[in-house]
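Structural characterization, general
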Amino acid sequence: MSKVLVINAGSSSLKYQLIDMTDRSVLAKGLAERIGIDSPKISYKAGETKVEKDADMKNHDDAIGFVLGFLTDPEIGVVKGMDEIVAVGHRAVHGGEKFNKSAIITEEVMDTIESLIELAPLHNPAVIMGIRACQKAMPTTPMVTVFDTAFHQTMPPIAYLYGLPYEDYQEYAIRRYGFHGTSHRYVSARVAAQLGRPIEELKIVTCHLGNGSSICAVDGGKSVDTSMGFTPLEGVIMGTRSGNLDPAIVSYLAAKKGFGFKEIDNYLNKKSGILGLSGISSDFRDVEAAAIAGDERANTARATCAYGIKKYVGAYAAAMGGLDAVVFTAGVGENDPYIRGLVCKNLQFLGIDFDAEFNMKAPRGQEICLTRPGSKVSAWVIPTDEEMVIAQDTYDLCGK
Ligand code: ADP
């Protein structure tokens, strides 16, 4: 028994993958969308089989019912029965200070996730719904949660404290948590493997650049700093999130626009970033097309975003007192050579001998080095695989 089901539940969506841990192959995967709203849809892909259909899903229980129905279907399914699934791994966003690693789900763990809802009001309730739905359908199958924040729990106070009265940290748990931990953990381990060196010896800056983006300083395999903070809003400019701001802008802007708390939150999370700067789209592909067509505002939006990322590379090299590798991952990091090129431009002084020409034509979807042979510090594209980390942690904790 080596098959692990990975569930990533959002408030109205649920992504799933069934992975065979003997050879780490993905047997089936898919996405349930618009759960509990109008026209819900579900997709299923297993080998050559692809299904996409409307499905009556009022809640996450219904969605899990469809997922298990697909997986065990006599014709297109990949398992004979649910007992072939050894464990379920759930992605959870916020583990607060309570979880520094993945955990087997017990009622106590569920209570703790519930107690952290205040810190992740959009995400943790969805995780709880996803777990409860799976527990109902598979009451005897062990389950694990893998937290986005856990990898960053090694940060020292100098990295996680804000310059606020210390009581705010003590009373309200206001501190830097960081996110995308599974991705930073995975790509930093992979680059160490590529370099053929123990991760304990390496200083790595990992750049997870997707719709949401974060940079992480990984020293000796441990996160020592990261750009996202109390929430995923802090750090570099993202698809629709502003990233770092002078905090005084918040009240100024709210006053100018007549915004309340919710509206300003929505503005900074949904209307800003690359979307707001370019006035075109949150998708880097659209902004790139506009920039190539001569749109100066689009060009500036991209350049501003890349400049912010470059500053983190320098800051984290200074924080770690050295640098061995820079890694690019996620949608933008893996597919947008222009942003990578801007970030790595003129970093020879740091020891990065970047091959700009090769970067522009580097093949996609594989682990690839972007620096010239002999470069003191290497730069890499490492495709991320958060589902595989979740499956591996789950299998390690309860599959063997
Ligand atoms: P998420 O944070 O939602 O997991 P992803 O890591 O999937 O996001 O990244 C999605 C983003 O990647 C898209 O919004 C788009 O901006 C960017 N992207 C994907 N493909 C390309 C491409 N070929 N060129 C530039 N950007 C791309």
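Residues numbered from 1 in each chain as written. Predicted model: local features only at pLDDT ≥ 70, side-chain atom pairs only at ≥ 80, totals over all residues. Heavy atoms only, no water.

**Some words on the sheet that holds strand β11 (residues 222-226)**
- As summarised here, the arrangement of the six strands in space is β11-β10-β9-β12-β14-β13, forming an open sheet in which the pairing is mixed. One side of each edge strand has no neighbouring strand; the edge strands of this open sheet are β11 and β13 (368-369).
- Pairing of strand β10 (residues 213-219) with β11 involves four bridges; the strand directions are antiparallel. Looking across to β11, one finds that C216 is bridged to T226.
- Against the sheet, helix α13 (residues 337-344) touches β9 (203-209), β12 (325-329) and β14 (378-381), its axis set at about 155° to β12. (Pairing = 2+ DSSP bridges. Helix = DSSP H or I, 4+ residues; strand = E, 2+ residues; numbered from the N terminus. Contact = heavy atoms within 4.5 Å. Axes fitted to C-alpha atoms, helices over the stretch in contact; angles between N-to-C directions.)

**Re unusual backbone geometry**
- Even without being a glycine, R24 presents a positive backbone phi close to 55°.
- Summarising the element assignment, R24 is placed in the loop between β2 (14-20) and β3 (25-33).
- Note on R24: relative accessible area 40%, which makes it partly exposed.
- Positive phi, normally seen in glycine, also occurs at R34, with a value near 60°.
- The topology assignment puts R34 in the loop between β3 and β4 (41-46). (Buried < 20%, exposed > 50% of the residue type's maximum accessible area, 1.4 Å probe, protein only.)

**Regarding the state of the cysteines**
- Tallied over the full model, the rule gives zero disulfides.
- The closest cysteine sulfur to the non-disulfide-bonded C344 is located on C207, 7.7 Å from its own sulfur.
- A relative accessible area of 3% places C344 in the buried class. (Disulfide = S-S within 2.5 Å.)

**Examining the packing of aromatic side chains**
- A full pass over the atoms with the stated rule returns seven aromatic pairs.
- A ring pair is formed by Y160 and Y169, whose centres lie 5.7 Å apart and whose planes are at 50°; its orientation type is tilted. Residue Y160 shares its accessibility class with Y169, and that shared class is buried.
- Ring-pair connections join several aromatic residues into one group, and the members of that group are Y160, Y166 and Y169.
- The ring of Y160 carries the charged tip of R175 above its face, separated from the ring centre by 3.7 Å. (Phe/Tyr/Trp six-rings, centres within 6.5 Å; stacked < 30°, edge-to-face > 60°. Lys NZ or Arg CZ within 6 Å of the ring centre and 35° of its normal.)

**Here's the deal with the pattern of salt bridges**
- The full count for this structure, using the stated rule, is 17 salt bridges.
- Close ionic contact of D148 with R91 constitutes a salt bridge, the shortest N to O distance being 2.6 Å. Pair noted here: D148 is in the loop between β8 (143-147) and α4 (157-160) and R91 is in strand β6 (residues 85-92), with a separation of 57 residues, a long-range link.
- Overall, R91 belongs to the partly exposed group, its relative accessible area being 21%.
- For R197, the salt bridge identified is with D324, shortest N-O distance 3.8 Å. (Salt bridge = Lys/Arg side-chain N within 4 Å of Asp/Glu carboxyl O.)

**A word on the packing of helix α1 (residues 60-71) against helix α3 (residues 124-137)**
- Direction vectors running N to C along α1 and α3 enclose 55°, while the axes themselves pass 8 Å from each other. On the basis of their axis angle, the class for α1 and α3 is oblique. α1 and α3 meet at a crossing whose hand is right-handed. Between α1 and α3, the residues in contact are H60, D61, I64 and L68 and A126, M129, G130, A133, C134, K136 and A137, respectively.
- Its residues assigned to classes, the contact of α1 with α3 shows seven nonpolar, two polar and two charged. (Parallel < 35°, antiparallel > 145°, perpendicular 65-115°, else oblique. Left-handed = near helix turned anticlockwise from the far one by under 90°. Nonpolar A, V, L, I, M, F, W, Y, C, P; charged D, E, K, R; others polar.)

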